[in-house]
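Coordinate analysis (summary)
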Amino acid sequence: MDQRKPLVPLVVGAVGALLMVGAPPADAATRWEPVTKMCRVKDTRITENSGMSRSTYPRRTLFVHNDSGGGPQFFAISARCKTQAVFDVPGAPAKDWEDMDSGPGHTLWFGDIGGDRAEVNVVRVNEPKKLRSRAITHHKTYRLRYPDGAHNAEAMMVRPKSGRLYIITKAPSGAGIYRAPKVLKTRGVNKLTRVAAAGQGLSGADYARDGRLFVLRGYHMAFVYKKIGGEPVKFRLPEPHKFGEAVTFDRSGRLVFGAEGVRQWLWRTP
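Report on the accompanying structure. (Residues numbered from 1 in each chain as written. Predicted model: local features only at pLDDT ≥ 70, side-chain atom pairs only at ≥ 80, totals over all residues. Heavy atoms only, no water.)

Of regular secondary structure, the chain possesses 0 helices and 22 strands. For the chain, the residues scored as buried account for 53% of the 270 residues in total. By sequence separation, contacts in the chain at least 24 residues apart represent 58% of the contacts at least 6 residues apart. (Helix = DSSP H or I, 4+ residues; strand = E, 2+ residues; numbered from the N terminus. Buried < 20%, exposed > 50% of the residue type's maximum accessible area, 1.4 Å probe, protein only. Contact = heavy atoms within 4.5 Å.)

Laid out in C-alpha cells, this is it:
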C-alpha cells in the first residue's frame, strides 16, 4: 500500500533466456477498452480489496481478500458483487496478504508478501466447491526467499496449468519478476529466481485461465503480456482506480479490476 507511483512498462532484465517480441499493433488496446463499471461491492467488511481471483469451477464467482490487517480471510462474491460466503483460514500466516490467484487442481493461492522482507509466505487452499461460510482447516504454507535481499511486493500470479508461481516486487526502481521453483516444498525455504525487470508501482497480477496472457497492473495503467520479457499492450484505468490493487481475468477472458475502500465498484473490460 505504499510507493504509489505511476506505472511504467515491464522491460527485459539481464537474463539471456528472455527474448523480446514485436510491438503490438497500435490499436491492440481497443480490445481492453473502455473499462466500465461492473457492480458495486456492498459488503462493508470488504474494506481494502487487495487481491482477487476467479473461481476454478464453472461459475462466475470471484474471490477477494482485504489488505494487511484483514487476517487470513477471503470472500466469495457473485457477478453482481453480492457476498456468497466468507472463509477463514485459521493458522495461516497473514502478516500482509497482498494478492491472490487461482491455480491448477481447484486451488487458491494467497501471497503474504507485503512489506520489506527477504522471506515471504504463500498459502494454498483447496477452493471450496460449496459456497457456505466456514473455516478452512487445511492449508499449506510455502516459505520463499529472495536471492538479493528484502523486497516489498503486492503482485503475485500462478500459471493455471503448471502451478508455477511468480512474485512481482514493487519499488520506484529496480523492481523485478521472481519465479518460484517448479515444485514447492513445505519444509525449509524455497529460493526465488529473478527472471526479469519490472516497472515501478505494480500492485496486482494474474494469468488468464488458458495461460496465454498475463496482466500486471498499477494505480493508473494496466499491461497485458503474452510472455515474460515481451512487449505489453497497455491501457489506462479509470480515475477511481488511483488506489486500486486487485485484478483478475474472469472465466470468459475479460479483466476485472477492484479498488480500495468501502463500497467500491468493480470495473471490467469489454
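Further notes follow.
Here we come to the sheet that holds strand 22 (residues 265-268). Read from one edge of the open sheet, 4 strands run 1-22-21-20, paired in antiparallel fashion. Every other strand in the sheet has two partners, leaving strand 1 (36-40) and strand 20 (244-249) as the edge strands with one partner each. The mean inter-strand angle of the sheet, taken between neighbouring strand axes irrespective of direction, is 30 degrees. As paired elements, strand 20 and strand 21 (residues 255-259) share 5 bridges and run antiparallel to each other. Of the residues in strand 21, the one forming a bridge with Val 247 is Phe 257. (Pairing = 2+ DSSP bridges. Axes fitted to C-alpha atoms, helices over the stretch in contact; angles between N-to-C directions.)

Pairing within the open sheet is mixed, and its 5 strands lie in the order 6-7-8-10-14. Only two strands of the sheet have a single partner each, and these edge strands are strand 6 (97-103) and strand 14 (189-191). Going across the sheet, the axis of each strand differs from the next one's by a mean of 30 degrees, ignoring polarity. In this structure, strand 7 (residues 107-112) lies alongside strand 8 (residues 119-126), joined through 6 bridges in antiparallel fashion. Across the sheet, residue Trp 109 finds its bridge partner in strand 8, namely Arg 124.

A separate point is the packing of aromatic side chains. Applying the stated criterion across every chain, the model contains 13 aromatic pairs. Between Tyr 207 and Phe 214, the ring centres sit 5.4 Å apart and the planes meet at 50 degrees, which makes this aromatic pair tilted. Taken together through their ring pairs, the aromatic side chains of Phe 63, Phe 74, Phe 87, Trp 97 and Phe 110 make up a single cluster. Its guanidinium or amino end placed over the ring of Trp 265, Lys 37 lies 4.5 Å from that ring's centre, counting from NZ or CZ. (Phe/Tyr/Trp six-rings, centres within 6.5 Å; stacked < 30°, edge-to-face > 60°. Lys NZ or Arg CZ within 6 Å of the ring centre and 35° of its normal.)

Quick look at the pairing of strand 22 now. Sheet topology places strand 1 next to strand 22; 4 bridges connect them, and they run antiparallel. Across the sheet, the residue bridging to Thr 36 is Arg 268, located in strand 22. Where strand 21 lies against strand 22, 3 bridges are found, and the strand directions are antiparallel. Note that in strand 22 the partner of Gly 258 across the bridge is Leu 266. Adjacent in sequence and paired antiparallel, strand 21 and strand 22 are bridged by 5 residues, among which Gly 261 carries a positive phi angle near 110 degrees.

Another point: the pattern of salt bridges. A full pass over the atoms with the stated rule returns 8 salt bridges. Here Asp 43 ties to Arg 45 by a salt bridge, and the two come within 2.7 Å at their closest N and O atoms. The exposure class of Asp 43 is buried, given its relative accessible area of 11%. Accessibility expressed as a relative area gives 48% for Arg 45, which makes it partly exposed. Its salt-bridge partner being Glu 154, residue Lys 170 comes within 3.1 Å of it at the nearest N-O pair. Residue Lys 170 is located in the loop between strand 12 (165-169) and strand 13 (176-179), and its partner Glu 154 is located in strand 11 (residues 153-158); the two are separated by 16 residues in the primary sequence. There is no split in this pair, since Lys 170 and Glu 154 are both buried. (Salt bridge = Lys/Arg side-chain N within 4 Å of Asp/Glu carboxyl O.)

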